[in-house]
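Take a look at the letters that make up each chain.
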Amino acid sequence: MRKDVDRTPDGIKLHAPEDFAGMRAAGALAARILDEIAPHVAPGVKTGELDEIIHEKIIEAGATPATLGYRGYTKSSCISINHVVCHGIPGNPVPKTKSETISRDLEKRRDDDRLLTGDVLNIDVTVILDGWFGDTSRMYVAGKPKGPASRLIDITHEALMRGISVVRPGARFGDIGHAIQSYVEGERCSVVRDFCGHGLGRVFHDSPSVVHYGRSGTGPEMRPGMFFTIEPMVNLGRPETKILDDGWTAVTRDKSLSAQFEHSVGVTEDGVEIFTLSPAGRFHPTWDR
Ligand code: MF3
Ligand code: CO
Ligand code: CO
């Protein structure tokens, strides 16, 4: 890690008070786009179409999609359906779940990127606005959720909010992991270990790695001006993941359902500011559309 004067010994950037305005604007834009995509999520809609809408909205706002061209990624969003944990590529055929693989039901034999009734999906958008990165994701449902999906969504949302609630100067990054892991495992779900949150600001992925499991009182100390994401991925089954042949799509190894929510936050003098709150109050799929 570079040894900048405005970084802690752990290599974590400390932003100036005036930098919060840039993050607020970028975060609000990313969150607004997630609000505006909600009415488009429905059975029969293709994820490639959703990505095109997202792309247009980002450009229209005078911003840039951060994922476009990032390490060879070619889309403006990630759309991760059912047992896809993260980094699902819009427009690609939806990976088949166990039941889809064996189903004789034609509607369930899907070879394209169309949403089916009951699909649960995470849409993850990162914008660059005036040089600042706003990174947020949330869950959506095509039609009505089936089986244990809505419980998993509720648990994952609660896990994110519990992680955010411990953020303040003097707290440690391990406190976030502990808050999330102890809650999620108490609900008999599992926390994904293979992906984590990250510092951000004028860059997409910076120090620290914000892991969603761990022990209280461990890890670097939080200080005002730190900007980072918290983005827990929670599985109904086991935590292990694997990457599909496209090099991006991460799925649960046991094909169990996975959910994720993500906010970009900043440490303030006395607590936390969430940069990516939903302007329309639509962060959770069962909140009013
Ligand atoms: N937005 C994702 C995150 O939360 C990163 C996506 S990188 C991509 O960090 F290349 F997969 F789009
Ligand atoms: Co992120
Ligand atoms: Co993201």
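Just so you know, these numbers come straight off a predicted model, no measurement behind them.

Chemist: I tried to follow the overall build of the protein on my own but got confused; where do I start?
Modeler: When you go through the protein residue by residue, the secondary structure sums to 5 helices and 15 strands. Its C-alpha atoms give the protein a radius of gyration of 18 Å, near enough to 19 Å, the size a compact globule of 289 residues would have. If one aligns the C-alpha atoms of the protein with their principal axes, the spans along those axes are about 60 × 45 × 35 Å. Looking at the protein as a whole, 54% of its 289 residues qualify as buried. Within the protein, residue pairs in contact and separated by at least 24 positions form 70% of the contacts whose partners lie at least 6 positions apart. Total accessible area on the protein is roughly 12600 Å²; 50% of this is exposed by carbon and sulfur atoms.

Chemist: Sorry, what's going on with the packing of aromatic side chains here?
Modeler: The way to describe two aromatic rings as a pair is by their centre distance and the angle between their planes. According to the stated counting rule, one finds 9 aromatic pairs in the structure shown. When the ring of Phe 173 is compared with that of Phe 228, the centres are 4.9 Å apart and the planes differ by 65 degrees; the resulting orientation is edge-to-face. Taken together, the residues Phe 173 in helix H5 (residues 173-186) and Phe 228 in strand S9 (residues 227-230) connect sequence positions 55 residues apart. Accessibility expressed as a relative area gives 6% for Phe 173, which makes it buried. Phe 228 gets classed as buried once you look at its relative accessible area, which sits at 0%. The side chain of Arg 193 reaches across the aromatic face of Tyr 213, ending 5.0 Å from its centre.

Chemist: What is the right way to look at the sheet that holds strand S10 (residues 233-235) in this model?
Modeler: Backbone hydrogen bonds are what pair the strands of a sheet, in a parallel or an antiparallel way. Taken in spatial order, the 3 strands make up an open sheet running S6-S10-S13, and their pairing is antiparallel. Edge positions in the sheet fall to strand S6 (190-191) and strand S13 (258-260), since each has one partner strand and no second. Bridge count between S10 and S13: 3 bridges; the pairing is antiparallel. Its bridge partner being in S13, Val 234 is matched across the sheet by Ala 259.

Chemist: How do you make sense of a negative patch on the surface when you look at a structure like this?
Modeler: Taken together, the side chains of Glu 49, Glu 52, Glu 56 and Glu 60 present a region of like negative charge at the surface. Here Glu 56 shows up in helix H2 (residues 47-60).

Chemist: Just checking my understanding: could you explain the pairing of strand S2 (residues 78-81) for this structure?
Modeler: One face of the sheet, then the other: side chains in a regular strand alternate in exactly this way. The alternating pattern of S2 places Cys 78 and Ser 80 on one face and Ile 79 and Ile 81 on the opposite face, and all of these are buried. Bridge count between S2 and strand S4 (residues 120-129): 4 bridges; the pairing is antiparallel. Bridging from a neighbouring strand, Ser 80 pairs with Asn 122 of S4.

Chemist: Teacher, can you tell me more about the coordination of the cobalt ion (ligand 3) here?
Modeler: Ideal coordination angles are 109.5 degrees for a metal with four donors arranged tetrahedrally and 90 or 180 degrees for a metal with six donors arranged octahedrally. Taken together, the protein ligands of the cobalt ion (ligand 3) are Asp 124 (OD), Asp 124 (OD), Asp 135 (OD) and Glu 262 (OE), with distances of 2.1 to 2.3 Å. Coordination at the cobalt ion (ligand 3) is irregular: its 6 donor atoms span angles of 59 to 169 degrees at the metal. Read N to C, the donor residues that coordinate the cobalt ion (ligand 3) are spaced as D-x10-D-x126-E. Between the cobalt ion (ligand 3) and the cobalt ion (ligand 2), a separation of 3.3 Å is found, and both are coordinated by Asp 135. Of this pair, Asp 124 sits in strand S4 while Asp 135 sits in strand S5 (residues 132-141), and the two are 11 residues apart along the sequence.

Definitions and cut-offs
- Residues numbered from 1 in each chain as written.
- Chains lettered and ligands numbered in written order.
- Predicted model: local features only at pLDDT ≥ 70, side-chain atom pairs only at ≥ 80, totals over all residues.
- Heavy atoms only, no water.
- Helix = DSSP H or I, 4+ residues; strand = E, 2+ residues; numbered from the N terminus.
- Rg over C-alpha atoms; globule rule 2.2 N^0.38 Å.
- Buried < 20%, exposed > 50% of the residue type's maximum accessible area, 1.4 Å probe, protein only.
- Contact = heavy atoms within 4.5 Å.
- Areas by Shrake-Rupley, 256 points an atom, 1.4 Å probe, with all protein chains shown as cover.
- Phe/Tyr/Trp six-rings, centres within 6.5 Å; stacked < 30°, edge-to-face > 60°.
- Lys NZ or Arg CZ within 6 Å of the ring centre and 35° of its normal.
- Pairing = 2+ DSSP bridges.
- Patch = residues over 30% accessible without salt bridge, like charges linked within 9 Å, V, L, I, M, F, W, Y side chains within 5 Å.
- Salt bridge = Lys/Arg side-chain N within 4 Å of Asp/Glu carboxyl O.
- Lys, Arg positive; Asp, Glu negative; His and termini not counted.
- Charge placed at Lys NZ, Arg CZ, Asp CG, Glu CD.
- Donors = N, O, S within 2.8 Å, 3.2 Å for Na, K, Ca; no water.
- Tetrahedral: all angles 85-135°; square planar, octahedral: opposite > 155°, others 65-115°.

Remember, this is a structural readout, not a statement about activity or role.
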